[in-house]
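The residues making up each chain are set out below.
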Amino acid sequence: MSGLTDWLNEALSPLGAVRVRAMFGGHGVSLDGLPFGLIADDVLYLKCDAESEGRFVAEGLAAFVYDKGGTPVAMSYRRAPDAAMDDGEVLREWAVLALAAARRARKPAARRGPRSGLTRAW
């Protein structure tokens, strides 16, 4: 695992600070605080969405699927291409796609309105 983490840190450093942390039996991968990938069984999967999924499908990259009580559940992550594990430029290209999908998927922060029922007595 540390070899893959080292590779991600080295290859993606031109894009920002990479963080890999344990979660749900695998590892989450984020860049500058934005989750965009996951690692399961030493395989890197990258975030995709309706806008980017066609590119992953065209390359024959499988979706990340996990078992939930005997039922397979596919997530919006697809395997990174093998070339991305050998070539930093290729990895960055795919990471940029994943980061864009992650940004599109990010929910806007909840608006905080005025607090009701509070008055100021001054």
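Everything numeric in this text was worked out from a predicted model, so none of it was measured.

Chemist: Sorry, what's going on with the pattern of salt bridges here?
Modeler: The final tally for this structure, using the stated rule, is four salt bridges. Where Asp-49 meets Arg-104, a salt bridge forms, and the shortest distance between an N and an O atom there is 2.6 Å. A residue pair is termed long-range when its members are at least 10 positions apart, and Asp-49 in the loop between β4 (43-47) and α2 (53-58) and Arg-104 in helix α3 (residues 88-105) qualify at 55 residues. With a shortest N-O distance of 3.1 Å, Glu-53 and Arg-78 are connected by a salt bridge. Of this pair, Glu-53 sits in helix α2 while Arg-78 sits in strand β6 (residues 71-79), placing them 25 residues apart in sequence. Note on Glu-53: relative accessible area 31%, which makes it partly exposed.

Chemist: I keep staring at the packing of aromatic side chains and nothing clicks. Help me out?
Modeler: Any pair of aromatic rings gets described here by the distance separating the centres and the angle formed by the planes. Here the structure, examined in full by the defined rule, presents three aromatic pairs. Ring centres 4.9 Å apart and planes at 70° place the aromatic pair Phe-56 and Trp-94 in the edge-to-face group. Taken together, the positions of Phe-56 in helix α2 and Trp-94 in helix α3 put the pair 38 residues apart, joining distant regions of the chain. Residue classification places Phe-56 among the buried residues on the basis of a relative accessible area of 0%. By the ring-pair criterion, three or more aromatic residues cluster together here, those being Tyr-45, Phe-64 and Tyr-66. When the ring centre of Trp-94 is taken as origin, the NZ or CZ atom of Arg-55, which lies over that ring, is 4.6 Å away.

Chemist: Would you take a moment to explain α3 for this structure?
Modeler: Three or four residues apart is the spacing at which side chains of an α-helix point the same way, because the helix has 3.6 residues per turn. With 18 residues, α3 extends 25 Å from end C-alpha to end C-alpha; this agrees with the ideal 26 Å at 1.5 Å per step. Buried within α3 we find Gly-88, Leu-91, Trp-94, Ala-95, Ala-98, Leu-99, Ala-101 and Ala-102. The arc that holds every buried residue of α3, seen down its axis, measures 160°, which confines them to one face. Those residues of α3 that are buried are in contact with α1 (2-12), β2 (26-31), β3 (34-40), β4 and α2. Its side-chain oxygen 2.9 Å from the backbone nitrogen of Glu-89, Asp-87 forms the N-cap of α3.

Basis of the calculations
Residues numbered from 1 in each chain as written. Predicted model: local features only at pLDDT ≥ 70, side-chain atom pairs only at ≥ 80, totals over all residues. Heavy atoms only, no water. Salt bridge = Lys/Arg side-chain N within 4 Å of Asp/Glu carboxyl O. Helix = DSSP H or I, 4+ residues; strand = E, 2+ residues; numbered from the N terminus. Buried < 20%, exposed > 50% of the residue type's maximum accessible area, 1.4 Å probe, protein only. Phe/Tyr/Trp six-rings, centres within 6.5 Å; stacked < 30°, edge-to-face > 60°. Lys NZ or Arg CZ within 6 Å of the ring centre and 35° of its normal. Expected span 1.5 Å × (residues − 1). Arc of directions from axis to C-beta. Contact = heavy atoms within 4.5 Å. Polar contact = N/O pair within 3.5 Å; in protein donor to acceptor, adjacent residues only side chain to side chain.

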